[in-house]
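Below, each chain spelled out in residue letters.
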Amino acid sequence: MQLIRNARLAAATLGEHLKDDPLVLVLLISRRLPQRVARTAAPILATCGRIARSPVASALAALIAGNTKALEAAATPLPSRPARRNRVLAEIALAAQLPELADQLLSRVPPNVATLRGTVARRYWYDGCMTEAVAHAEGIARHRAFATRLRSELKVFEGWIPVIPRVEGYTPKASSMLYVLTNSLPHTESGYAQRSHSILLALHDLGWTVNAVTRLGYPVQVGKVVASELDTVDGVDYHRLLPARLARGMDQRLQQQADLLLELCLQVRPAVLQTTTHFVNGLVVRAVAQALGIPWVYEVRGQLADTWASRRSAAAMSSERYRLFNERESGVSASADLVVTLGDAMKRRLQAHGVEPDNVLLYPNAVGDEFLKNPMTPCDARRAIGLPSDGTYVGTVSSLVDYEGLDILLRAVALLSEDYPDLRCLIVGDGESAQSLRLLASELGISDRTAFTGRVPRDRAHLYHQALDIFVVSRRDTEVTRAVTPLKPVEAMASGRPVIYSDLDALREVIEDGVSGTAVTAGDPAALADAIAGYTRDAELSKVHGAAGREQIITSRTWSTGAQALTESYQRLGVVSA
């Protein structure tokens, strides 16, 4: 029965994407394919495009491959190209986050082309002009579902909230909590999922009854059609909200999620609800907590409005979407019974948005058992994961996204390649920038000394940290990277490795320049290369900085330490202990 419901849910999701934004669907599917399949499919599609002289096929192949230059070449506006084809190419350009190219293509599409208004609406939406996007999408029969989606999302951003009637006579279990998450293990192995799981395990070890539940439709909506309503990982129960059909529009889906969350709460009877950014999670959890008469906690792990803006021009920070996004985040944060966040930079940001400092608990990213054990030497760790043991390995374990600045790392390695022939680069992880980074390594002539592993099993991730001689966090200087402290450098320090990092507030909270690592100017490959060369030449300095970082982390940044502080905060909120 569950499999049938999942199949219906997956089919409905697929149908919505096909009607609403098929090019984004193609991109999402290509990113979830095994890397070898994606790398094979893109050249085949490109070849077909050349044979058929189809710029659309060639542009799609470039989109899948993450090859911006090839996409721009295929989609270059030509006077002789049919207007409808320019419109489709503009859609591809938007999916590739190339708005200027999309504008050039749209300028060659006459206003009488029937599908133009839908593409223009997407263009406004990309820029964060939500009201203008809705206005362009309205009244077009073939774009009715698309218009409904935009209108409902704008409604939520403008202040809509789910409504749950008060539940009389609710009696929670003592020392019990329910964690409402966007995604989780075992279906998503990200830093977000790992932090959530680590907190749950730490609370459980302190005697709490813990449960977790993920967003409506997950993980079926990310392709896990055979998912069950319950996964148990290391003794932690992860519940799934998997109806046969999702309500239409963001507002109605959030209401549906709130209704289903309430049903789950009446089963597991938590004494406190906790959720994470972004604000839609907070809207749902706040409504259910108020209906049950229990406290709720909002965990601010990132500045998602800034993450959205970081992929766009500076004008995005003056857009309607950015303004509304921050207003809703501020309102949700200020209304929580407790706000948990990662570090001082984020706490200052919350205070600037109206959250009382006494209502903020710092629970920084930390490490667990696998990182507390004595680390292997780099050579032994490399042998354990099947890499050549010789040479010096510099690299990172990270999500492969633009703001991580991994192109800066590759350029730094290229600068050192002639003088340091034994230098190797190891990049562990996956993400939207994976294909473009592979292409860049090839262009720089360092493919033979660069290893891209893709995602690695969770229980072996610590070995990849230990396989590195030097860990790099080459983040770009953006609003989000100045505020958010990532998990991976904490794990690298626990592994006894020196860390070279962009000189940003959020990273300075963890790594001390000249003690446990080396700070460099963000976005500067030459500065990064100099720092790498310094550790490569001075093995003793590398060892000293690595040891200092490990000592700092294992004495002050463990999940159990943070869980104890969180438990004390729960008790101050009146949560009854067993």
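Refer to the structure above for everything that follows.
All values derive from a computational prediction rather than experimental measurement.

(A) Broad picture of the overall build of the chain. Counting its regular elements, the chain contains 27 helices and 14 strands. In summary, the chain has a C-alpha radius of gyration of 25 Å against a globular reference of 25 Å for 578 residues, a match within 12%. Each principal axis of the C-alpha distribution contributes one length, and for the chain these read about 75 × 65 × 45 Å. When each of the 578 residues of the chain is scored for burial, the buried share is 55%. Residue pairs in contact within the chain that sit at least 24 positions apart in sequence constitute 72% of those at least 6 positions apart. Taken as a whole, the chain presents about 24300 Å² of accessible surface, with 52% of it coming from carbon and sulfur. Each charge sign in the chain was given a centre, from 64 positive and 61 negative side chains, and these centres are 8 Å apart.

(B) Up close: helix H18 (residues 378-385). Inspection of H18 places Pro378, Ala381, Arg382 and Ile385 among the buried residues, and these make up the whole buried set. In an axial view of H18, the angular spread of the buried residues amounts to 100°, which keeps them on one side of the axis. One or two residues past the end of H18 sits Gly386, with phi positive at roughly 85°.

(C) A look at helix H10 (residues 144-157). With 14 residues, H10 should cover 20 Å at 1.5 Å per step; its first-to-last C-alpha distance of 20 Å lies within 8% of that length. Along H10, the residues that are buried comprise Phe146, Ala147, Thr148, Leu150, Ser152, Glu153, Leu154, Val156 and Phe157. Of the residues one or two after H10, Gly159 is the one with positive phi, at around 135°.

(D) Structural view of the packing of helix H19 (residues 406-416) against helix H25 (residues 525-537). At a minimum axis separation of 8 Å, H19 and H25 run at an interaxial angle of 60°. As judged from the angle between their axes, H19 and H25 are oblique. H19 and H25 meet at a crossing whose hand is right-handed. Seen from H19, the contacting residues are Ile408, Leu409, Arg411, Ala412, Leu415 and Leu416; seen from H25, they are Pro525, Ala526, Leu528, Ala529, Ile532 and Ala533. Here the residues of the contact of H19 with H25 are counted per class, giving 11 nonpolar, no polar and 1 charged.

(E) How the structure looks around the environment of Gly429. As for its placement among the helices and strands, Gly429 is situated in the loop between strand S10 (423-428) and helix H20 (434-443). If near-sequence neighbours (up to four positions away) are discounted, Gly429 is found in contact with Ser398, Leu400, Thr453, Gly454 and Arg455.

(F) Structural view of the packing of aromatic side chains. Scanning all chains against the criterion turns up 6 aromatic pairs. Geometrically, the ring pair formed by Phe157 and Phe279 is edge-to-face, given 5.2 Å between the ring centres and 90° between the ring planes. A residue pair is termed long-range when its members are at least 10 positions apart, and Phe157 in helix H10 and Phe279 in helix H13 (residues 279-292) qualify at 122 residues. Judged on exposure class, the residue Phe157 and its partner Phe279 are both buried. Judged by centre distance (5.5 Å) and plane angle (85°), the ring pair of Phe157 and Phe325 falls under edge-to-face. Residue Phe157 is located in helix H10, and its partner Phe325 is located in helix H15 (residues 320-335); the two are separated by 168 residues in the primary sequence.

(G) Representation of the pattern of salt bridges in the model. Under the defined criterion, the tally for this structure stands at 27 salt bridges. A salt bridge links Arg122 to Glu91, with the shortest nitrogen-to-oxygen separation between them at 2.9 Å. A residue pair is termed long-range when its members are at least 10 positions apart, and Arg122 in helix H8 (residues 116-126) and Glu91 in helix H6 (residues 83-95) qualify at 31 residues. Grouping residues by exposure puts Arg122 and Glu91 together as buried. One continuous salt-bridge network, built from bridges that share partners, spans Arg87, Glu91 and Arg122.

(H) The sheet that holds strand S1 (residues 176-181), seen in detail. Sheet architecture is open: 8 strands sit in the order S3-S4-S2-S1-S5-S6-S7-S8, paired in mixed fashion. Both outer strands of the open sheet, strand S3 (230-233) and strand S8 (360-362), are each paired with one neighbouring strand and no more. Within this sheet the neighbouring strands show an average axis-to-axis angle of 25°, counted without direction. In this sheet, strand S4 (residues 236-239) lies alongside strand S2 (residues 209-214) in parallel orientation, the contact comprising 3 bridges. Of the residues in S4, the one forming a bridge with Ala212 is Tyr238.

(I) The pairing of S4, seen in detail. Bridge count between S3 and S4: 4 bridges; the pairing is antiparallel. Directly across from Thr232, in S4, lies its bridge partner Asp237. In this structure, the hairpin formed by S3 and S4 is closed by a connection of 2 residues, where Asp234 is found at a positive phi of approximately 55°.

(J) A look at unusual backbone geometry. The peptide bond linking Leu185 to Pro186 adopts the cis configuration, its omega dihedral lying at -5°. Among the secondary structure elements, Pro186 is positioned in the loop between S1 and helix H11 (191-205). Backbone torsion omega between Thr277 and His278 reads 15°, so that peptide bond is classified as cis. Mapped onto the elements of the fold, His278 is located in the loop between strand S5 (272-276) and H13. Although it is not a glycine, Asp234 sits at a positive phi angle of roughly 55°. Mapped onto the elements, Asp234 comes out in the loop between S3 and S4. Of note in this structure, Arg269 is not a glycine but carries a positive phi near 55°. For Arg269, the position within the fold is in the loop between helix H12 (250-268) and S5.

(K) Local environment of the nonpolar core. Core analysis: the biggest nonpolar cluster contains 66 residues, and Leu261, Leu273, Phe279, Val288, Leu292 and Trp296 have the highest contact counts within it. Tallying contributions element by element places H13 first for this core, with 10 residues. Look past the residues within four positions of Trp296 in its chain and what remains in contact with it is Leu273, Thr275, Gly282, Val285, Arg286, Ala289, Val332, Ser335, Ala336, Asp337 and Leu338. The next biggest cluster of nonpolar side chains, apart from the first, holds 30 residues, and it includes Val236, Tyr363, Leu487 and Trp559.

(L) Examining the state of the cysteines more closely. For the structure shown, the criterion picks out 0 disulfides. Cysteine Cys425 remains unbridged, with the sulfur of Cys379 as its closest cysteine sulfur at 17 Å.

(M) Local environment of the sheet that holds strand S12 (residues 470-473). Spatially, the 6 strands line up as an open sheet ordered S11-S10-S9-S12-S13-S14, and their pairing is parallel. Two strands close off the open sheet at either side, each with one partner strand: strand S11 (450-454) and strand S14 (517-520). Taking each pair of neighbouring strands and ignoring which way they run, the sheet shows an average axis angle of 20°. Each of strand S9 (392-397), S10, S12, strand S13 (499-502) and S14 touches H25; the most contacted strand, S14, lies at about 160° to it.

Conventions and cut-offs
- Residues numbered from 1 in each chain as written.
- Predicted model: local features only at pLDDT ≥ 70, side-chain atom pairs only at ≥ 80, totals over all residues.
- Heavy atoms only, no water.
- Helix = DSSP H or I, 4+ residues; strand = E, 2+ residues; numbered from the N terminus.
- Rg over C-alpha atoms; globule rule 2.2 N^0.38 Å.
- Buried < 20%, exposed > 50% of the residue type's maximum accessible area, 1.4 Å probe, protein only.
- Contact = heavy atoms within 4.5 Å.
- Areas by Shrake-Rupley, 256 points an atom, 1.4 Å probe, with all protein chains shown as cover.
- Lys, Arg positive; Asp, Glu negative; His and termini not counted.
- Charge placed at Lys NZ, Arg CZ, Asp CG, Glu CD.
- Arc of directions from axis to C-beta.
- Expected span 1.5 Å × (residues − 1).
- Axes fitted to C-alpha atoms, helices over the stretch in contact; angles between N-to-C directions.
- Parallel < 35°, antiparallel > 145°, perpendicular 65-115°, else oblique.
- Left-handed = near helix turned anticlockwise from the far one by under 90°.
- Nonpolar A, V, L, I, M, F, W, Y, C, P; charged D, E, K, R; others polar.
- Phe/Tyr/Trp six-rings, centres within 6.5 Å; stacked < 30°, edge-to-face > 60°.
- Salt bridge = Lys/Arg side-chain N within 4 Å of Asp/Glu carboxyl O.
- Pairing = 2+ DSSP bridges.
- Core = buried A, V, L, I, M, F, W, Y, C linked by side-chain atoms within 4.5 Å.
- Disulfide = S-S within 2.5 Å.

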